[in-house]
Each structure stands twice: as structure tokens, then as C-alpha cells.
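Per-entry structural report
The chain contents come next:
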Amino acid sequence: MQRDGRLCDPTTFARLLRARDYIGDCYRERVTLEMAARQACLSPFHFNRLFALAFGETPHEFLTRVRMDEAKRLLLAENQSVTDICFGLGYESLGSFSLKFRQKTGLAPTTFRREARVCFGGFASHWPLYYIPACYQSFLGGN
């Protein structure tokens, strides 16, 4: 699969980029692996494997990261209910959204919102990391 140090040829990589853009653009909708793979003109299994090799995360992990970054932004910036945010981001269950949010941030969505509002008064230094997209947090030593 690797030739000349590359994971795939430029054409395949361009198709993977197109599929990643599609997932990023449609994160509020139900995006299946088959739909994303179709954007790259690849079988779902092959697409999933190449996507993970090219970007360091599976298509599902990418979709979850995009949704969680937007959830954090909405929880901090707006007064929408957690339920509205959950369904607005394409989740079909408040329970699955809350569980995934807690796994990614360590806090339930309502706790995240409440503590962020308290902490932005200058009481905690770790909250600014929540404004930084997840892809940069690992570089900075965050979650």
C-alpha cells in the first residue's frame, strides 16, 4: 500500500479529502459509512481503512469530533437546551449524546455549561482548551 513513503496515490487522497469534507459538511445529518465511502468512490471497508491511515482517525471518530466541537461551542455560546443541541447535531438519542459528550470531555453537557460559566470568571485555567478544536488539543497537551 505504501509507495515512496505515501499511504496512497494523490487521486485516492483527493477522494478521501472530498469524503472528509462531505462528512464535515453533513455532520448535522445521519451520515453512514456507505454514504461517505460513496463520496470517495471506494467500498466502505476500504474507505474506512484508508481514511484511518490518512487522517489518524476513523470516519466515525472524525464525525464525533466535529459534532463534539460544535456541541461545546453551542453549550458555551447559546442558551439552547441540551436536547435541542443533541438533535440539532444529528444524534438520535439524548442518552447517547450525553454519554459520548461525557466520554470526550469528562463532564455531562449541563455540567460543562454550568462550570464553564462559573470558571470564565477567572477561577480556572483549563477551560480555554474547550475553545480550541480537539485536533489541536492533543498537540497542546489537552484531552
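Quick caveat: nothing in here was measured; it's all calculated off a predicted structure. (Residues numbered from 1 in each chain as written. Predicted model: local features only at pLDDT ≥ 70, side-chain atom pairs only at ≥ 80, totals over all residues. Heavy atoms only, no water.)

The next thing to look at is the overall build of the protein chain. Helix and strand counts for the protein chain stand at eight helices and zero strands. When burial is assessed residue by residue, the protein chain has 36% of its 143 residues classed as buried. For the protein chain, the proportion of contacts with a sequence separation of at least 24, taken over those separated by at least 6, is 51%. Carbon and sulfur atoms form 54% of the exposed surface of the protein chain, whose accessible area is close to 8,300 Å². (Helix = DSSP H or I, 4+ residues; strand = E, 2+ residues; numbered from the N terminus. Buried < 20%, exposed > 50% of the residue type's maximum accessible area, 1.4 Å probe, protein only. Contact = heavy atoms within 4.5 Å. Areas by Shrake-Rupley, 256 points an atom, 1.4 Å probe, with all protein chains shown as cover.)

Quick look at the pattern of salt bridges now. Under the definition given, this model contains five salt bridges. Here Glu-57 ties to Arg-65 by a salt bridge, and the two come within 2.6 Å at their closest N and O atoms. Of the charged contacts in the structure, one is a salt bridge between Asp-69 and Lys-72, with a shortest N-O distance of 3.8 Å. Separated by three residues within a single helix, Asp-69 and Lys-72 lie in helix α4 (residues 59–77), roughly one turn from each other. Judged by relative accessible area, which is 5%, Lys-72 ranks as buried. When salt bridges that share partners are traced, they join Arg-28, Glu-70 and Arg-73 into one network. (Salt bridge = Lys/Arg side-chain N within 4 Å of Asp/Glu carboxyl O.)

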